[in-house]
Each structure stands twice: as C-alpha cells, then as structure tokens.
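Secondary and tertiary structure notes
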Amino acid sequence: MFSRRHPFLFFLTIMSACFTLVFLGFVGLVHVSSKIIDTGFSDSLGHEKGNIGIVEVVGPIISSKKIIEDIKTFRENDDIKAIVIRIDSPGGGIGPSQEIYRELIKTRAKKKVITSMGSVAASGGYYVAAATQGIVANPGTITGSIGVIMEYANLMEIAKKIGISPVVIKSGEFKDMGSPLRELKENEKQIFQQLVDELHLQFVSDAAKARNMDIANMAKLADGRVYTGQKALALKLIDRLGNLDDAVQWAGELAQIEGKPVPVYPREDKMTFIRKLADTLLKDINISGAISDNFRYIIGTR
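A short tour of the structure in this document, coming up. (Residues numbered from 1 in each chain as written. Predicted model: local features only at pLDDT ≥ 70, side-chain atom pairs only at ≥ 80, totals over all residues. Heavy atoms only, no water.)

As for the overall build of the protein
- Across its full length, the protein carries 11 helices and 10 strands.
- For the protein, the residues scored as buried account for 38% of the 302 residues in total.
- For the protein, long-range pairs separated by at least 24 residues make up 75% of all intrachain contacts whose partners lie at least 6 apart in sequence.
- Accessible surface for the protein amounts to roughly 18000 Å². Of this, 58% is attributable to carbon and sulfur atoms. (Helix = DSSP H or I, 4+ residues; strand = E, 2+ residues; numbered from the N terminus. Buried < 20%, exposed > 50% of the residue type's maximum accessible area, 1.4 Å probe, protein only. Contact = heavy atoms within 4.5 Å. Areas by Shrake-Rupley, 256 points an atom, 1.4 Å probe, with all protein chains shown as cover.)

Okay, here's the thing in structure tokens:
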C-alpha cells in the first residue's frame, strides 16, 4: 500500500488535505457570516430610517479610529439630527481619549451630542463624556476616576535569579528611563511625575472647559476617586439620571425632532463577526513583544 511504502509522503498528503478543508471551511464561514450581516444582522442594530445616531464606546479605549469614523458618519448624515455616545468603559489611553474628545467638540458645533453612561464610564470614559453637551448616567454608574496613572513592572530581582545581565548602549542619559531591569533613579522619577502632572492638567482643563466648570472646582474632584452616578449628579459632573432611552429622548428634544426619536446604530463591518470570532479563539494566547513593553501609561481605573 502507498501508506506503507511512502509513509512520509502519505503524511504530507493527509496534512495538505486537512489544511485545505480547514481553509475552505474558513472561507465558507466568512461568506455565510457576510450574508447574515447583510440580510438581517445590521437591521437588528437599529432602524435604517433613524434620526438619532448611537455611537458605542465599549471596553478599554485603545484605539479611536472606529469611534471617530462612526461620529463622522452621523455628523455628515443629514437624516441624523443628534448623536448619543453610549459609554461603557473604564478608560484607556490618553491619546485615543483626547482624539475622541476633539472629534466630539467639533461635532457638537453642528449637532446636539448627548452621553449615556452604562455600568462604568470612568477616567478616559469620562474624558470622552465631558466633550458632549449633556451627560446621563444611572444612579449606580461608576464614573469619575479623573486622573492619570503611569506604571511599569520592575523585573530586576527575577533577572538576577535567572542570570540575566542587561547591557545598555544609549544616546542620552534618560533613553532607558523606566527600564524594568534596573531601579528607577530619583531624577527619572521626577521627570515621570512632571509628565503625569502635565497630562493630568490637560485632562482637568479639557473636562472643565467642556463642562463649563471652573478649573479649580474640577481639580478638587480630580484626585482619581470614583463616584456613583447619583453622587456625580450632586457634584455636577453629570446632568441627569436615566438610561439610554432617556438620553435618546433628551437628544431628540434638544434637536427639536418632530415625532418620535428613532435610534440607529452604524452598520457593522462585514469582517466584524470574523474579528470577534478570532478574538474569542485567541483571547487566551499571550503574544508580547520585548520586555520593555511592560512599561506603559494609561488613563484608567484602579
């Protein structure tokens, strides 16, 4: 038999057949999921003839690209009279948060923009919310956490135990500042603190300006602590208590929509289903870069 005379070739043939079947199955899944999205999945996200655009900010704010695209799409659509930003996020990177903030500031000059806070809208989530013309939260929403945090893991003791001796050749005194393989010097710590303080001032200033609040008052509330929606209302960090539907109704009133406000979500990208599937399958795989990637700074809840 062929399998006995040429076991290696037989093995390669079987493996090639398996890979081919897997590839064809993946192509079929892409095709079917695209059809599902085209025929009904998108319609379940919102009414095609809606007049209130809903933009979701869900999870850590790592990238602003998709959110900004959704905001622009609704801003340039004449059928959309107002926009509601639905936030359910603990925060994220300061850069993406500032980019979304900037886009909302530009958008509110043309259309009414209201925020609806979900279970949490803290730190970078509040940064984004502050840029809108009104904020609605649930009494139990966790918000606030106005501040900046920078952290990194020091692995120096572990490196010593396994015999790693770092060798650094640098162009300047502070080029390896924050290396996880050595202690942080006092002058380096001061530089990082100045950076954090500067970023914090940007956060406080932007939030205070957009909310028409005195910077000094905002600074008193911006010590990193979190607030419930009910407490945030008393502190004037938000404007109303309510859910997403309440935010939609308020946006409709501000936009002077005649009749019933009808929310509509952005159409899903045809590849979104595949990306979500891949994220689910690969969520337990930890792919990391160099050890220095442990150094990071974020706007986040702790």
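Picking up where we left off.
Looking at the packing of aromatic side chains
- All told, the structure shown has 2 aromatic pairs when counted by the stated rule.
- Both rings, one in Y101 and one in Y127, keep their centres 5.3 Å apart while their planes meet at 75 degrees; by these two values the pair is edge-to-face. One end of the pair, Y101, is in helix α4 (residues 94–108); the other, Y127, is in helix α5 (residues 124–130), with 26 residues separating them in the sequence. Both residues of the pair, Y101 and Y127, belong to the buried class.
- Ring plane angle 15 degrees and centroid distance 4.4 Å describe the contact between Y127 and F203, whose orientation is recorded as stacked. Residue Y127 is located in helix α5, and its partner F203 is located in helix α7 (residues 186–210); the two are separated by 76 residues in the primary sequence.
- Relative accessible area serves as the criterion here: at 0%, F203 is assigned to the buried category.
- In this arrangement the basic side chain of R240 is found over the ring face of W250, its NZ or CZ atom lying 3.9 Å from the centre. (Phe/Tyr/Trp six-rings, centres within 6.5 Å; stacked < 30°, edge-to-face > 60°. Lys NZ or Arg CZ within 6 Å of the ring centre and 35° of its normal.)

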